[in-house]
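Here are the chains, one letter per residue:
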Amino acid sequence: MTTPRLLQGNEALVEGALAAGVRFFAGYPITPATEILELMARKLPRLGGKFIQMEDELGSMGAVIGASVAGAKAMTASSGPGISLKQENIGFAIIAEIPCVVVNVMRGGPSTGMPTLPSQMDVMQAKWGAHGDHPAIALAPWSVEECFTTAVRAVNLAERFRTPVTLLSDAEIAHMREVYAPPESVETIDRPRPNCPREEYVPYRPDERGIPAMADFGSGYRWHPDSNCHDEYGFPATNNHAVGDKLVRRLVGKVNDYAEEIHWLSEERLEDAEIVVFAFGSVARSASEAVDVARSQGIKAGLLRPISIWPFPDPAVAKVAARAKAILVAEGNLGQLLGEVQRVAAGRCPVAHFSRVDGLIPRPEQILARIKELA
Amino acid sequence: MLSTAQMLEKYYLVDKLPNIWCAGCGDGAIAAALVRAVDELGIDKNSLTQVNGIGCSGRVGAYQDFDVIKGTHGRALAFATGIKLFKPELTVVAIMGDGDCGAIGGNHFIHAARRNIDLTALVINNRIYGMTGGQSSPTTPFGDRASTALTGSVERPFDLCQLAIGAGATYVARGTVYHIKQLQRLLKNAIAHKGFSFVEVVSQCPIYYGRYNDEASPAAMLRWQKESAVSVTAAQGLSPEELQGKIVIGEFVAKDEPEFVSEYQALIDRYGQEAAE
């Protein structure tokens, strides 16, 4: 371990990303993600990495993709309005299978909304922001320490699955400070690269897990990543029904069939819990305290906190739904994860909801009051 | 110079042919001029990266045996920037159309020029959106017709070379499909130039631009290129009125200025030295 330091969430996130091997960052200034841009500008050249402040958000996503095909572990960071602009090229990274990490430091929306205040309104955007059927991987930290650990995990998952990974922080998590001692080193994963002769390289022929090997541009394999529906050679096959069907199913399946590898949850006092609060990120901090207070008052409450949001942790929620008296979904939006929990609970237990969308995280007593109503 | 057979053998994915372009289109000839320029420069196939955009011009790389990324509409230069910055040893050529570069990608275009990043931007200007069926583009001349300007465009067009110069490009040239040997030379100079190089090729789209403007024969459109062309030097002696309807061809700018990727590398080296001390 390093010496414990007082770190800001955005700062820990940058340290995690660099520890995981990120050596390219392209971005554009936006509150509350700007510190990530500034820290990357300062740190990357000292590590021999590359930083660029692009002309806009679309361009920064494009530059990240370019660097990734050239072999970089690459990242960008933004917030709501910027993330909306990046969607076009996020879709490209999905279909062309270009690993990259997109940090969304969430603020209130829609549009420019409440730039300096936290929200959890972009949960569904992280899943369905880009058009077309596609997989989604999203992680959400609740502390400074987790800004570091989820950043490491996000980079590793992007490399493992060859797809963009979203890191959903928020203005509260990004700007708060906690004492944390980042590890000296972390476990890293690199994308699968071809080791066959060039003549045998079929750039989009998947391995048994559905992932094709990816050659760095300039390494002599000469391949053609393409935004269109493409065959195993990367060549456009825009009118070939069988190729289109196979591609979209593989893109979704390569993630969803291995969702267990991605699922990452924290459980607090769940063993005998009757009222289970389901919350993530900054809202879960209040939920955790509400659960503790409820317990001290004799209510069997517990917290199920997803650190990975997408793919949705169906098994963990199903397990809770089978034995809880009720699930309380607490979130900083008007019900984006509520629908997911209801879908998985499928009537096995009541699912209640608590929302706050005024730019404040809920007070623990507000969640406690809802727990008491359900007990 | 490479014969066609040699060129196909060495640089083309022959099994992907025939290409999708309409008969009489200029794209195939421009693609060949690019490959011949690369060959004459002696650039290894593995160190040339091509970035394509969306539209008819976005299919050049599909038939060629390089690393080629065909990105989203207008973003070719953003993708190219990431590639070049991360791997400066690669020679990066972005190929775009007039709509791709001049409309939806305009911001990336002017900023790549401003930054003077060592890329070559090749814009195939057929003055119309061909892939989508003939809509007016930012280079459709005032009064010319398109499917979205049936009685003639009422917008003023861009002069893409002047735009590149204004934005700070350090190599700017224009050629035509008719003057294909000159185009090959311009592309060679552009790729060899250290800094942001911009080459506009005036091309012909007989199927859409031609038909909308009573000029449907490819031969007539090439003749128009031949007869309207004026060299940069000759143009200097002509008045704006005399230059109306002319295509000024040749090199407008070729100058040395600090190049972005080298400047960034110098920064990395400086930090490295400081750390070593």
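Just so we're clear, the structure is a prediction, and the values are computed from it rather than from any experiment.

**Regarding the packing of helix H1 (residues 9-19) of chain A against helix H2 (residues 34-43) of chain A**
Residues and elements named next belong to chain A. H2 packs onto H1 with a crossing angle of 45° between their chain directions and a minimal axis gap of 9 Å. The orientation of H1 relative to H2 falls into the category oblique. In the crossing of H1 with H2, the sense of the turn from one axis to the other is right-handed. Across from Asn10, Glu11, Leu13, Val14, Glu15, Ala17 and Leu18 in H1, the residues of H2 making contact are Glu35, Ile36, Leu39, Met40 and Lys43. Considering only residue class, the contact of H1 with H2 consists of 7 nonpolar, 1 polar and 4 charged.

**Regarding the packing of aromatic side chains**
The relative placement of two aromatic rings is captured by the distance of their centres and the angle of their planes. Applying the stated rule across the entire model yields 13 aromatic pairs over all chains. Ring geometry for A:Phe25 and A:Phe51: centres 6.1 Å apart, planes at 5°, overall stacked. You can see A:Phe25 sitting in strand S2 (residues 24-27) and its partner A:Phe51 sitting in strand S3 (residues 50-53), a full 26 residues away along the chain. Just as A:Phe25 is buried, A:Phe51 falls in that class too. The interplanar angle of 90° and the centroid separation of 4.9 Å between the aromatic rings of A:Phe92 and B:Phe79 together place this pair among those described as edge-to-face. Of this pair, A:Phe92 sits in helix H4 (residues 80-96) while B:Phe79 sits in helix H3 (residues 76-86), each in a different chain. The class of B:Phe79 is buried, set by a relative accessible area of 0%. The rings of A:Tyr204, A:Phe217 and A:Trp223 are connected pair by pair, giving a single aromatic cluster. Lying across the ring of A:Phe161, A:Arg160 places its NZ or CZ 4.0 Å from the centre.

**Some thoughts on the domain arrangement of chain A**
Reports often express the size of an interface as the amount of accessible area lost when the parts come together. Residue and element names in this part refer to chain A. Assigned domains of chain A: these are domain 1 (1-262) and domain 2 (266-374). Measuring from the centre of the C-alpha atoms in domain 1 to the corresponding centre in domain 2 gives 28 Å. The partner domain 2 presents 25 residues to the 31 residues of domain 1 that form the contact. Taken together, the two surfaces of domain 1 and domain 2 that pack against each other cover about 2,300 Å², and 61% of this comes from carbon and sulfur. The largest per-residue losses of area from domain 1 upon contact with domain 2 belong to Gln120, Val123 and Trp142, which jointly make up 33% of the total buried on that side. Connecting domain 1 to domain 2 are 2 salt bridges. Two residues, Glu178 and Arg285, come together in a salt bridge whose shortest N-O distance is 2.7 Å. On inspection of domain 1 and its partner domain 2, the count reaches 15 residue pairs in polar contact (both at pLDDT 80 or more). Of all the secondary structure elements, the ones that give two or more residues to the side of domain 1 that touches domain 2 are strand S6 (114-118), helix H5 (123-128), strand S7 (138-139), helix H6 (144-161), helix H7 (171-175), helix H8 (241-256) and helix H9 (259-262). Of all the elements, H5 adds the most residues to the side of domain 1 that touches domain 2, at 4 residues.

**Brief notes about H3(B)**
The periodicity of an α-helix, 3.6 residues per turn, causes residues three or four positions apart to be oriented the same way. Burial analysis of H3(B) places 10 of its 11 residues in the buried class, the great majority of the element. Among the residues of H3(B), B:Ala76, B:Leu77, B:Ala78, B:Phe79, B:Ala80, B:Thr81, B:Gly82, B:Ile83, B:Lys84 and B:Leu85 are the ones counted as buried.

**Brief notes about the sheet that holds strand S7 (residues 171-176) of chain B**
All names here are of chain B. The mixed open sheet is built from 8 strands, whose spatial order is S2-S1-S3-S4-S8-S7-S10-S9. The sheet is open, and its two edges are formed by strand S2 (67-70) and strand S9 (229-231), each paired on a single side. Ignoring which end each strand starts from, the neighbouring axes of this sheet average 20° apart. Across 6 bridges, the pairing between S7 and strand S8 (residues 197-202) is parallel. Across the sheet, residue Thr176 finds its bridge partner in S8, namely Val202.

**A closer look at the interface of chain B and chain A**
Taken together, the 41 residues of chain B in the interface contact 44 residues of chain A. Across the interface of chain B and chain A, roughly 3,500 Å² is buried in total on both sides, 59% from carbon and sulfur atoms. Scanning the region where chain B abuts chain A turns up 5 salt bridges. The partner of B:Arg115 in a salt bridge is A:Glu55, and the shortest N-O contact between them spans 2.8 Å. Counting the contacts that link chain B with chain A gives 23 residue pairs in polar contact (both at pLDDT 80 or more). Broken down by secondary-structure element, the contributors of at least two residues to the side of chain B that touches chain A are S2, H3, helix H5 (106-115) and helix H11 (260-276) of chain B. Among the elements that line the side of chain B that touches chain A, the one with the most residues is H3(B), at 7 residues. Grouping the amino acids of the side of chain B that touches chain A by side-chain chemistry returns 19 nonpolar, 13 polar and 9 charged.

What counts, and at which threshold
Residues numbered from 1 in each chain as written. Chains lettered and ligands numbered in written order. Predicted model: local features only at pLDDT ≥ 70, side-chain atom pairs only at ≥ 80, totals over all residues. Heavy atoms only, no water. Axes fitted to C-alpha atoms, helices over the stretch in contact; angles between N-to-C directions. Helix = DSSP H or I, 4+ residues; strand = E, 2+ residues; numbered from the N terminus. Parallel < 35°, antiparallel > 145°, perpendicular 65-115°, else oblique. Left-handed = near helix turned anticlockwise from the far one by under 90°. Contact = heavy atoms within 4.5 Å. Nonpolar A, V, L, I, M, F, W, Y, C, P; charged D, E, K, R; others polar. Phe/Tyr/Trp six-rings, centres within 6.5 Å; stacked < 30°, edge-to-face > 60°. Buried < 20%, exposed > 50% of the residue type's maximum accessible area, 1.4 Å probe, protein only. Lys NZ or Arg CZ within 6 Å of the ring centre and 35° of its normal. Domains from an automatic or database assignment. Buried area = accessible area lost by both parts, 1.4 Å probe. Salt bridge = Lys/Arg side-chain N within 4 Å of Asp/Glu carboxyl O. Polar contact = N/O pair within 3.5 Å; in protein donor to acceptor, adjacent residues only side chain to side chain. Pairing = 2+ DSSP bridges.

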